[in-house]
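# Reading the structure
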Amino acid sequence: MTVNRLPVVEKILSANDAVAGLNRKRLDQLKVFSINLMASPGAGKTSLILQTIKILSGRLNLGVIEGDTAPVTIDADRVTDAGMPAVQINTGGDCHLDAPMIDMGLNQLPLEKMDFLIVENVGNLVCPAAFKLGTHANVLVASIPEGDDKPYKYPAIYRGLDVLIINKIDLLPYVRFNMDYFRQGVEMLNPGLTTFAVSCTTGEGIDAWANWLINRAEELKGK
Amino acid sequence: MHELAVTESILEIANRHATLAGATKITNIYIILGRLSSIVDDSVQFYWDIISQDTMSAGAKLHFQRIPARMRCNECSREFEMQDELAPCPQCGSINLTLVAGDEFWLDSIEIEKEPGETA
């Protein structure tokens, strides 16, 4: 018997990353601009999706992949009720979505008719940051009641963002939340990050976010 | 919580490379982990002991080597080792920083046993 050391040098999540690459290729070819929407539970991911649908409906078509840990269809039903196609993925207790789950979700959506895809990740500020899905942009919804210390406590997710949405700004008068402190934490982790302050309840700021989405989708179509 | 998925991936990669090399058993697995990778070693070890049973990796020891995170200052271009995730540039005090290393996570090498006479 002989013993030897064998070099491997392979990324441990390479299988996931490879599938993420295929997902991206498919979305690029069909020119569907896609976002990975992340947040803690209750920050307003589904509310933001519903507000976005409201603004875009009649102009552009959106599809949604909903990730949840439990076998429920609450979120997918809300999107379907709003008139857009949605697929619910039950992760079976897993704390995040991964690229193969997105591949399955894409198979069930009318991609040829879609301009946008929103993937609503599992509510969690830790694990979703580690798994690439193949989407074009990472978007985080932070909400005022969660507190202004979240960038400091969950740096990894903030570091990987393309867009930050600060939701529930209508609650600012009622909640202790130091916006300067929050924004400084964000700036240290992700200098110059594109940020939208919104309220899904009053509709404030949603236009600016929707315009960003529309511009990015047009950019992709122009390629 | 996502350590199970990660551990399954380690097992798949290790067994695949060992099989290709004609090994009969894997004894040690060396993993490189950036300081900012949110992976809990003990949790991976816990899953490992369960899922590696009945495979050529059964009983293999996992070795984790943590490597430091490095930042580059976008103002003065200084590159430095991160001590605190939210500390400014030690040279000019700027908070306009980019992460250049620290989120690595790869399987570096494995130690295998082979029966004599077999070639890789």
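In short, a report on the structure. (Residues numbered from 1 in each chain as written. Chains lettered and ligands numbered in written order. Predicted model: local features only at pLDDT ≥ 70, side-chain atom pairs only at ≥ 80, totals over all residues.)

We now examine the pairing of strand 1 (residues 2–11) of chain A. Sparse coverage of strand 1 of chain A is indicated by the burial of 0 of its 10 residues. For strand 1 of chain A and strand 6 (residues 105–114) of chain B, the ladder comprises 8 bridges, and the chain directions are antiparallel. Paired with N4(A) across the bridge in strand 6 of chain B is I112(B). (Buried ≥ 20, exposed ≤ 12 C-beta atoms within 10 Å, placed from the backbone. Helix = DSSP H or I, 4+ residues; strand = E, 2+ residues; numbered from the N terminus. Pairing = 2+ DSSP bridges.)

This part takes up the nonpolar core. In terms of nonpolar packing, the biggest core is built from 72 residues, with F116(A), I118(A), V119(A), L140(A) and I165(A) touching the most fellow members. When residues no more than four places from it in sequence are discounted, the contact partners of L140(A) are M38(A), A39(A), I157(A), L161(A), L164(A) and I165(A). Counting 21 residues, the second largest nonpolar core, distinct from the first, contains V6(B), A14(B), I29(B) and I112(B). (Core = buried A, V, L, I, M, F, W, Y, C linked by C-beta atoms within 7 Å. Contact = placed C-beta atoms within 7 Å.)

A few words on helix 2 (residues 45–56) of chain A. All names here are of chain A. Between the first and last C-alpha of helix 2 there are 16 Å, a value that for 12 residues agrees with the 16 Å anticipated at 1.5 Å per step. Here helix 2 has its buried residues at K45, T46, L48, I49, Q51, T52 and I53. Looking one or two residues beyond helix 2, the residue adopting positive phi is G58, at roughly 90 degrees. (Expected span 1.5 Å × (residues − 1).)

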